[in-house]
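Reading the structure
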Amino acid sequence: MTKVKRAVLAYSGGLDTSIIVPWLIERHGCEVVCYCSNLGQGDELDGLEARARAIGASRVVVEDLRLPFVRDFCFPALRAGAVYEGRYLLGTSLARPLIAARQVRCARAVEADALAHGCTGKGNDQVRFELTYQALAPDLTVIAPWRTWDIVSREDALRYAASRGIPVQQTAKDLYSRDANLWHLSHEGGPLEDPARAPEEPMFKLTAGPIDHPARPERVTVRFEAGTPVALDGRVTGPVELVEQLNQVAGRHGVGRADLVESRLVGMKSRGVYETPAGTVLHEALDDLCRLTLPHDLLRTRAELGPRMADLIYEGRWFSPLRAALQAFADASLACATGEVTVELHRGRAVAVSRTSPCSLYRPALASFDMTGYDARHAEGFIRLFGLPLAVAARVGGPAATAALEAAGLPAPVADVMEPVEANRVS
């Protein structure tokens, strides 16, 4: 066992990190500095410093990182269209590299020789924390208690806490593992470990259930500049306030719930339930604005790279060169994504209903059914050239051509489709 003098623990005040403080002191005989980031978890932070000191921490560092979290992590992921496996908006995944990076900074400031975290040995977070450690401080020792101690369940953890008089919020009746920040609230474990069991309504904290939804829909208007949200309902506001306000209004309409079985990085399937009200509205609004302002090839490429970006974030590779390169593409591609989108909130859904932009590629004169000013003769030549591969395949014959004829109910050979078009018919 590596000798450790001072360890900085990523501390949340929850069950796992609360029992890790005395465990580190008992097992390693080291000084423990508790590091905590305020990412908008609210009253979870109340009394946190006193609790940490009461269980043996020599120092407690709490940083307010709400602004860099939203501005430098959530909004870049939003611009990239990063959604994991089509549904998860990456609230926890986005928080971990920021927490770990600031934990490293704290370790340097207090001259610690070790970093510790409370991530389970089965989960993704251990990878996210430790990849950040490797990228920023590969010389520091890493202590991951869940991979070395004899505690194997949350029930064991509760017993350990009780045996040492450590007060914790969790009980044997509430075994959910939750992670809260401005972007989302996640729920795992406990009854959710049975994917056939529907979530219990009292579990939800940020979003109203169906019985409490307002009867009438409500609309919000988000203004974007180059893909970044800057105003809500005509009022320019900072990133933190914008997300907080959207969480409230969208949450009361039940917007932002996602219940999914996802593919963990470490290999197994897991079930998580997420509440992401503001993020859901912002993704809907920005995707809609992109359809108005981006040409098809750029829109399609952003859609193709979004899942790749989501994978990198989910896997904890925020500080990788590839993530930075994809972010550069995403930001450049949204240079013209400026405008306003109105989203209607109702019965758990957020749907864009109107959009405007000074960079709009939509032109009424072109899109309308009125043919004035449009030479329809140009379409014939375009269609001939666009369909040329099909015509060649039909003339050559073969299995593909036969299948096409049969599917159309035309078993007999077709006429020579390669007959030249009269020159005066093509403009």
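Above this text you will find the structure in question.
Since we're looking at a predicted model, the values are computed, not measured. (Residues numbered from 1 in each chain as written. Predicted model: local features only at pLDDT ≥ 70, side-chain atom pairs only at ≥ 80, totals over all residues. Heavy atoms only, no water.)

**Concerning the packing of aromatic side chains**
How two aromatic rings sit relative to each other is given by the distance of their centres and the angle of their planes. Within this structure, the stated rule accounts for eight aromatic pairs. Ring centres of Y88 and Y314 lie 6.1 Å apart, and the angle between their planes is 85°; this geometry places the pair in the edge-to-face category. With Y88 in the loop between α3 (66-80) and α4 (91-109) and Y314 in helix α9 (residues 296-314), this pair connects stretches of sequence that are 226 residues apart. Since its relative accessible area comes to 3%, Y88 is described here as buried. Take Y314: its relative accessible area is 1%, and that puts it in the buried class. Ring plane angle 15° and centroid distance 5.5 Å describe the contact between F382 and F386, whose orientation is recorded as stacked. Of this pair, F382 and F386 both sit in helix α12 (residues 377-386), four residues apart, which is roughly one turn of the helix. By way of ring pairs, the aromatic residues Y84, Y88, Y274 and Y314 are connected into one cluster. Taking NZ or CZ as reference, R257 lies 3.6 Å from the ring centre of F204, over its face. (Phe/Tyr/Trp six-rings, centres within 6.5 Å; stacked < 30°, edge-to-face > 60°. Helix = DSSP H or I, 4+ residues; strand = E, 2+ residues; numbered from the N terminus. Buried < 20%, exposed > 50% of the residue type's maximum accessible area, 1.4 Å probe, protein only. Lys NZ or Arg CZ within 6 Å of the ring centre and 35° of its normal.)

**With respect to the environment of R159**
Mapped onto the secondary structure, R159 falls in helix α6 (residues 154-163). Of the residues examined, R159 reaches a relative accessible area of 53% and is grouped as exposed. Between the C-alpha atom of R159 and that of S360, which follows or precedes it by 201 residues, the distance is 61 Å.

**Considerations on the sheet that holds strand β4 (residues 114-116)**
Taken together, five strands build an open sheet; the order of strands is β3-β2-β1-β4-β5 and the sheet is parallel. Taken across any chain shown, the strands that pair with only one partner, and hence form the sheet edges, are β3 (59-64) and β5 (141-143). Each neighbouring strand pair of the sheet contributes to a mean axis angle of 25°, computed without reference to strand direction. Pairing geometry for strand β1 (residues 6-10) and β4, over three bridges, is parallel. In the sheet register, L9 faces β4, and the bridge partner there is A116. (Pairing = 2+ DSSP bridges. Axes fitted to C-alpha atoms, helices over the stretch in contact; angles between N-to-C directions.)

**Here's the deal with the pattern of salt bridges**
Tallied over the full model, the rule gives 28 salt bridges. When the shortest N-O distance is used, the salt bridge between D156 and R159 registers 2.4 Å. Here D156 and its partner R159 are both found in helix α6, three residues apart, which amounts to about one turn of the helix. Across the pair R355 and D288 runs a salt bridge whose closest N-O atoms are separated by 2.7 Å. Of the two residues, R355 sits in strand β14 (residues 349-356) while D288 sits in helix α8 (residues 277-293), which places them 67 residues apart along the sequence. The exposure class assigned to D288 is buried, which follows from its relative accessible area of 9%. (Salt bridge = Lys/Arg side-chain N within 4 Å of Asp/Glu carboxyl O.)

**Considerations on the sheet that holds strand β9 (residues 228-232)**
Strands sit in the order β10-β9-β8-β13-β14 across an open sheet of five strands; the sheet is antiparallel. Looking at the sheet topology across the chains shown, the edges are occupied by β10 (235-236) and β14. Inspection of the sheet shows β9 paired to β10 by two bridges, in the antiparallel sense. In the sheet register, A231 faces β10, and the bridge partner there is V236. Each of β8 (218-225), β9, β10 and β13 (339-346) touches helix α7 (residues 239-251); the most contacted strand, β9, lies at about 65° to it. Strand contacts of α8: β8, β9, β13 and β14, with the helix running at about 35° to β14, the strand carrying the most contacts. (Contact = heavy atoms within 4.5 Å.)

**Some details on the pairing of β3**
As defined by bridge partners, strand β2 (residues 31-38) adjoins β3 across six bridges and the pair is classed as parallel. Its bridge partner being in β3, C36 is matched across the sheet by V62.

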